[in-house]
Amino acid sequence: MAKRQSFADKASKKKDVKVCPICNQPLMPTLVVSPEPTADGKSFKMRSRNIAICKCNEKSVLA
């Protein structure tokens, strides 16, 4: 059987947070979905990408 985990064990776990080297703010992973035209040009496909966003690149990425 698995070992029982106490609340203190759960609370003491460190989260794996990446920090921006420019502004020293935590990076937030964000899913950005953008429409792209297909080869025939009649319809669109949705392209999704995971991007790390912080305060210094937020305006340029989401604009």
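Preceding this section is the structure that the text describes.
Residues numbered from 1 in each chain as written. Predicted model: local features only at pLDDT ≥ 70, side-chain atom pairs only at ≥ 80, totals over all residues. Heavy atoms only, no water.

### A look at the overall build of the chain
Heads up, the condition is: Comment: elements are numbered from the N terminus, with helices defined as DSSP H or I runs of at least four residues and strands as E runs of at least two. Our radius of gyration looks at C-alpha atoms and nothing else; its globule reference is 2.2 Å times the residue count to the power 0.38. The contact criterion used throughout is that any non-hydrogen atoms of two residues lie within 4.5 Å. Note on areas: Shrake-Rupley with a 1.4 Å probe; residue coverage comes only from the protein chains shown. Only four residue types enter the tally: Lys and Arg on the positive side, Asp and Glu on the negative side; His and the chain ends are excluded. Charged groups are reduced to one reference atom each: NZ for lysine, CZ for arginine, CG for aspartic acid, CD for glutamic acid.
When helices and strands are counted, the chain shows two helices and two strands. Taking 63 residues into account, the globule formula puts the C-alpha radius of gyration at 11 Å, and the chain, at 19 Å, lies well above it. In terms of principal-axis extent, the alpha carbons of the chain reach across some 55 × 40 × 15 Å. A separation of at least 24 residues holds for 25% of the contacts in the chain among residues at least 6 apart in sequence. Looking at the chain as shown, the accessible area adds up to about 6,100 Å², and 56% of this sits on carbon and sulfur atoms. Looking at charge distribution, the chain has the averaged site of its 13 positive side-chain charges lying 7 Å from that of its 5 negative ones.

### Some details on the environment of Lys-18
Stated precisely, the cut-off is as follows: For every residue, the accessible area (1.4 Å probe, protein chains only) is compared with the maximum for its type, and the residue is labelled buried under 20%, exposed over 50%, or partly exposed between those bounds.
Tracing the backbone shows Lys-18 in the loop between α1 (7-12) and β1 (28-37). Residue Lys-18 is classed as exposed on the basis of its relative accessible area of 62%. Each C-alpha atom of the pair Lys-18 and Ala-39 lies 37 Å from the other, and the pair is 21 residues apart in sequence. Residues contacting Lys-18, with those up to four places away along its chain left out, are Gln-25, Pro-26 and Leu-27.

### With respect to the pairing of strand β2 (residues 44-53)
We apply this condition: By this definition, two strands are paired if DSSP reports at least two bridges between them.
Bridging between β1 and β2 involves 10 bridges; their strand directions are antiparallel. Residue pairing in the sheet places Glu-36 in a bridge with Lys-45 of β2. A loop of six residues connects β1 with β2, the two strands running antiparallel in sequence, and Gly-41 in this loop sits at a positive phi of about 80°.

### Side note on the pattern of salt bridges
Defined as follows: When a carboxyl oxygen of Asp or Glu lies within 4 Å of a side-chain nitrogen of Lys or Arg, that pair is called a salt bridge.
In total, this model carries one salt bridge according to the counting rule given. Residues Arg-47 and Glu-36 are paired through a salt bridge, measuring 3.5 Å at the closest nitrogen-oxygen approach. You can see Arg-47 sitting in strand β2 and its partner Glu-36 sitting in strand β1, a full 11 residues away along the chain.

### Focus: a nonpolar patch on the surface
So the rule is basically this: Note that patches include only residues with greater than 30% relative accessible area and no salt bridge, and the join distances are 9 Å for like charges and 5 Å for nonpolar side chains (Val, Leu, Ile, Met, Phe, Trp, Tyr).
Residues Leu-31, Val-33 and Met-46 make up a contiguous nonpolar surface patch of roughly 330 Å² in combined accessible area. As for its placement among the helices and strands, Met-46 is situated in strand β2. Residue Met-46 is classed as exposed on the basis of its relative accessible area of 62%.

Geometric descriptors of this kind do not, in isolation, establish any biological role.
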